[in-house]
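# Coordinate inspection notes
Chain residues, written in single-letter form:
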Amino acid sequence: MIIIDFRHDFNLQAKKYDFVKVAYILSKLGEPTKANTINYYFNQIFPNKYCNALRISQIMRQKKNLFSIYGVEAGMTRQTKEYNFKGKLLLNKTTKLNWDNKSKKFFQTP
């Protein structure tokens, strides 16, 4: 299990840290999910950061050690893949609180 640790003061606004936001969404979902679904949650939770499904799948390909690919549906015009986060995400207390508040209408917290 890989641990992503951003507990110390750190600015996650840059585009190069979109993988942390994708990891947060996947960890909240808890099951393999398609890029379109991840894209929907990404744009709803972080409305000031535009992202499309192509960008999501590009992030997944770049960070192969963090995300795993499941079940390719072949025989279609495009091959749809399901992605899962295979690590643990540690965020700053205020960042986690802010993101949880933004996403509480989408994800049920246990």
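Once a new chain begins, its residue numbering starts again from 1 and follows that chain's sequence as written. The model is predicted, so local features are restricted to residues of pLDDT at least 70 and side-chain atom pairs to those at 80 or more, both for listing and for counting; the totals for chains, interfaces and linings are taken over all residues. Here the side-chain values reflect all heavy atoms present in the structure, with hydrogen atoms and water set aside.

### Section: the overall build of the protein
- Working definition: helices are DSSP H or I runs of at least four residues, strands are E runs of at least two. Numbering for both runs from the N terminus. Per the secondary structure count, the protein includes four helices and five strands.
- Listed N to C, the secondary structure of the protein is β-α-β-α-α-β-β-β-α in terms of helices and strands.
- With C-alpha atoms as the basis for the radius of gyration, the globule rule is written as 2.2 Å multiplied by the number of residues raised to the power 0.38. Relative to the 2.2 N^0.38 estimate, which gives 13 Å for 110 residues, the radius of gyration of the protein is 14 Å and therefore close to what a compact globule would have.
- Structurally, the protein occupies a C-alpha span of about 45 × 30 × 30 Å along its principal axes.
- For the protein, the computed accessible surface area is about 7200 Å², with 49% contributed by carbon and sulfur atoms.
- All tallies of charge rest on Lys and Arg as positive and Asp and Glu as negative; His and the ends of each chain are not included. For charged residues, the charge sits on one atom: NZ in Lys, CZ in Arg, CG in Asp, CD in Glu. Across the protein, 20 positive and 7 negative side-chain charges occur, with their mean positions spaced 5 Å apart. Here, Shrake-Rupley sampling with a 1.4 Å probe gives the accessible areas, and only protein chains in the shown set may cover a residue.

### Thoughts on the packing of helix 1 (residues 18-29) against helix 2 (residues 35-45)
- For helices, the axis comes from a line fit to the C-alpha atoms of the stretch in contact; other axes are also lines fit to C-alpha atoms, and the angle between any two N-to-C directions lies between 0 and 180 degrees. The interhelical angle for the contact between helix 1 and helix 2, taken along N-to-C directions, is 110°, at an axis separation of 10 Å. Our classification of the angle between helix 1 and helix 2 gives roughly perpendicular. Of the two elements, helix 1 crosses helix 2, and the hand of that crossing is right-handed. Of the residues in helix 2, those touching helix 1 at D18, K21, V22, I25, L26 and L29 are I38, Y41, F42 and I45.
- Residues that form the contact of helix 1 with helix 2 fall into these classes: eight nonpolar, no polar and two charged. Each angle is binned into one of four classes, with values under 35 degrees roughly parallel, values over 145 roughly antiparallel, values of 65 to 115 roughly perpendicular, and all other values oblique. Handedness of each helix crossing follows the sense of rotation of the near helix against the far helix: counterclockwise by less than a right angle gives left-handed, clockwise gives right-handed. By definition, residues are in contact when any of their heavy atoms lie within 4.5 Å. Polar here means any residue outside two lists: the nonpolar Ala, Val, Leu, Ile, Met, Phe, Trp, Tyr, Cys and Pro, and the charged Asp, Glu, Lys and Arg; Gly therefore counts as polar.

### A short note on the packing of helix 2 against helix 3 (residues 53-62)
- Close contact between helix 2 and helix 3 brings their axes to 8 Å; oriented N to C, the two are set at 110°. Our classification of the angle between helix 2 and helix 3 gives roughly perpendicular. Residues A35, N36, I38, N39 and F42 of helix 2 lie in contact with helix 3, whose contacting residues are A53, I56 and M60.
- Split by residue class, the contact of helix 2 with helix 3 holds six nonpolar, two polar and no charged.

### Topic: the packing of aromatic side chains
- Paired rings are identified among Phe, Tyr and Trp, the last through its six-membered ring, by centres lying within 6.5 Å, and are further divided according to the angle between planes into stacked (under 30 degrees), edge-to-face (over 60) and tilted (the rest). Tallied over the full model, the rule gives nine aromatic pairs.
- For a ring to carry a charge above it, either NZ of a lysine or CZ of an arginine must fall within 6 Å of the ring centroid while also lying within 35 degrees of the normal to the ring plane. Directly above the aromatic system of F46 lies the positively charged group of K21, at a separation of 5.1 Å from the ring centroid.
- When the ring centre of F19 is taken as reference, the NZ or CZ atom of K63 above it lies at 4.4 Å.

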